[in-house]
Amino acid sequence: MDEKDTIQFVIDEDGNKLFLEKEIGRGGQGIVWRTSDPNIIVKMKINKSTGQPVVDEKEYEKYKDEMDEVRIMNIPDFIHIAKPASMLRKPYCGYIMRFLDGMKPIKHWIRSFDEPDINPVIFYYQTGGLRHRLELLTNLAEIFTKLFAHSAVYADLSPNNVFVSENMDSSEVWLIDADNMRYRYDMEKEISTEGYTAPEVVKGGINTLESDEYSFAILAHEILTLNSPFDGEMVTESDAGWDDEEEDASVLAQQGEIPWIEDPEDDRNRCSTGIPGKIAFTRNVRNLFERTFSEEGRHNPLSRPKMRDWYTALKQAQDYTVTCKYCKSTFLMTKAEAKCPFCKTGRTSEREKVIYSQIIDEYRIDEIVEIENQHIDSFNNDEYFVQGISKDDIKRIDNIAVKLFDMKDGKYCFYNYHTDDVSFSQKKMVTIELEIAKGIYTIRNMAGRDIEISSSNTSYGVIRPEESKKFESINNLILSFNILKKDKDMSDEEIQQIDDLNKIRKRHIKFYVI
């Protein structure tokens, strides 16, 4: 019998009556339902042996104590985690969560439940393509990066616990089912969902930040390739498990005892289904998977990439995606000659031109060097001498990021931080807006300071804050501006300090049409 047929409605501790409408997620710890209120969902604990909701007053008190541990955690509201808002009344062991309407589990981006035999390339496109998947994973990595900054372990990441916007034009991501979340120094549990658990937890260890990172990597691999990182020939074609003396290959995979499907040194577990990694991964993303799923990563949790590494690599990959003009799929363009791998026409025909923008930071240290050498010279004498510093010794230019844009009408933005200088402590803000409309390129200054605009041999003056300039071509244009800006409420001393810093670093954005 369906649980919903048994339990038609529940009442929370505040007296709100909620009718259970549709099961939207199920894991080893419980079931999640949509309710008659589109902005509220209900989580109920289940009996692992029967799969039925736990209805027991004694168990209720124990469960309530566990939920209170989560409810008192000081996790900021800006981190997208749907925490327990109100307990259900006895005897139902469960709670309600505030929720955003129009979202569904990310498991629907791994396989089609309506059409199980659908072509993976078609399914990939229908669910937003590569760019959309990278956006979702980038946002999920950002949630975990912020969560880890508060020393919290999530403990049960799975496709049922990540909810994303049904609208493909949005990349909103939320974690639900936070009842196992604890501060890392309070974590005493081994929580898992089969197929998404780190080997050390499978073997009886407690959940940690590193086990969360392993679970994230498994989910990211499935979202990008439609394949588990270990469901290769050793698992899917193995007869192990039929003989009592042989171990099930899927169990060995969860224990970290078999190679991942793209292991560069061991090809016994290759996989030929889904989307190949060579299509879905940049070099940096592949490197993170390798570090996580290699023998070292499987058995040494501290060697795994950090969540911030995932955020950076996924954001970079997202910025390398462009749209195929033939099949409309998005694909990685990490080389100028790259073409769409998803359709025959895209592979064999001329590719649409794209805008390649290179973000470079130049450290301008002339005045700083002069000041420092004056300080050094003031101490030098016949008995004490220190060599002055040279501009060549500390001159530096950093390649911060690359962003590619489709050459089609629309608005495209640069932000106050990019992949290599991410700061989650500052609010994400648009600094430059590029609008393309009928072959005209409008560059709008949102940075709060002057932006110089030029080409290799021509100056086009400056764009003042909140102003814009139009160009008939964007090829070879260069935008230059100081990273920091003055605040009118700052003291003279603070303004002087920022002026000094401004002399050190300047950002250049160079545009090319390729």
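Anyway, here's the lowdown on the structure attached to this text. Predicted model only: the values in this text are computed from it and were never measured.

Turning next to the pattern of salt bridges. According to the stated counting rule, one finds 23 salt bridges in the structure shown. Across the pair D177 and K43 runs a salt bridge, and its minimum N-O distance is 2.1 Å. Residue D177 is found in the loop between β10 (173–175) and β11 (182–183), and its partner K43 is found in strand β4 (residues 40–45); the two are separated by 134 residues along the sequence.

What follows covers empty space enclosed by the protein. Throughout the structure, instances matching the rule amount to four cavities of 30 Å³ or more. One number sums up the size of the largest cavity: a volume of about 70 Å³. Taken together, T323, C324, K325, Y326, F331, K339, C340, G346, R351, E352 and V354 make up the lining of the largest cavity. Tallied by class, residues from the lining of the largest cavity come to five nonpolar, two polar and four charged.

This paragraph deals with the packing of helix α4 (residues 129–149) against helix α12 (residues 307–319). For any two helices packed against each other, one specifies the inter-axial angle together with the distance between the axes. The interhelical angle for the contact between α4 and α12, taken along N-to-C directions, is 155°, at an axis separation of 8 Å. When the axes of α4 and α12 are compared, the pair comes out roughly antiparallel. Like other packed secondary-structure pairs, α4 and α12 cross with a definite hand, here left-handed. On α12, the residues that touch L134, E135, L137, T138, A141, E142, F144, T145 and F148 of α4 are M307, R308, W310, Y311, L314, K315, A317 and Q318. Per-class residue counts for the contact of α4 with α12 are 10 nonpolar, three polar and four charged.

Now for unusual backbone geometry. K90 connects to P91 through a cis peptide bond whose omega is 5°. Assignment of secondary structure puts P91 in the loop between β5 (84–87) and β6 (94–98). One non-glycine residue, S151, lies in the positive phi region at around 60°. Here S151 lies in the loop between α4 and β8 (152–153). Taking the relative accessible area as the measure of exposure, S151 reaches 18% and is therefore buried. Despite not being glycine, K328 shows a phi value in the positive range, around 70°.

Parameters and conventions
Residues numbered from 1 in each chain as written. Predicted model: local features only at pLDDT ≥ 70, side-chain atom pairs only at ≥ 80, totals over all residues. Heavy atoms only, no water. Salt bridge = Lys/Arg side-chain N within 4 Å of Asp/Glu carboxyl O. Helix = DSSP H or I, 4+ residues; strand = E, 2+ residues; numbered from the N terminus. 1 Å grid on protein atoms, 1.4 Å probe; cavity = no way out; pocket = protein on both sides within 12 Å on 5 of 7 lines; lining within 4 Å. Points joined across faces, edges and corners; volume = space filled by probe spheres on them. Nonpolar A, V, L, I, M, F, W, Y, C, P; charged D, E, K, R; others polar. Axes fitted to C-alpha atoms, helices over the stretch in contact; angles between N-to-C directions. Parallel < 35°, antiparallel > 145°, perpendicular 65-115°, else oblique. Left-handed = near helix turned anticlockwise from the far one by under 90°. Contact = heavy atoms within 4.5 Å. Buried < 20%, exposed > 50% of the residue type's maximum accessible area, 1.4 Å probe, protein only.

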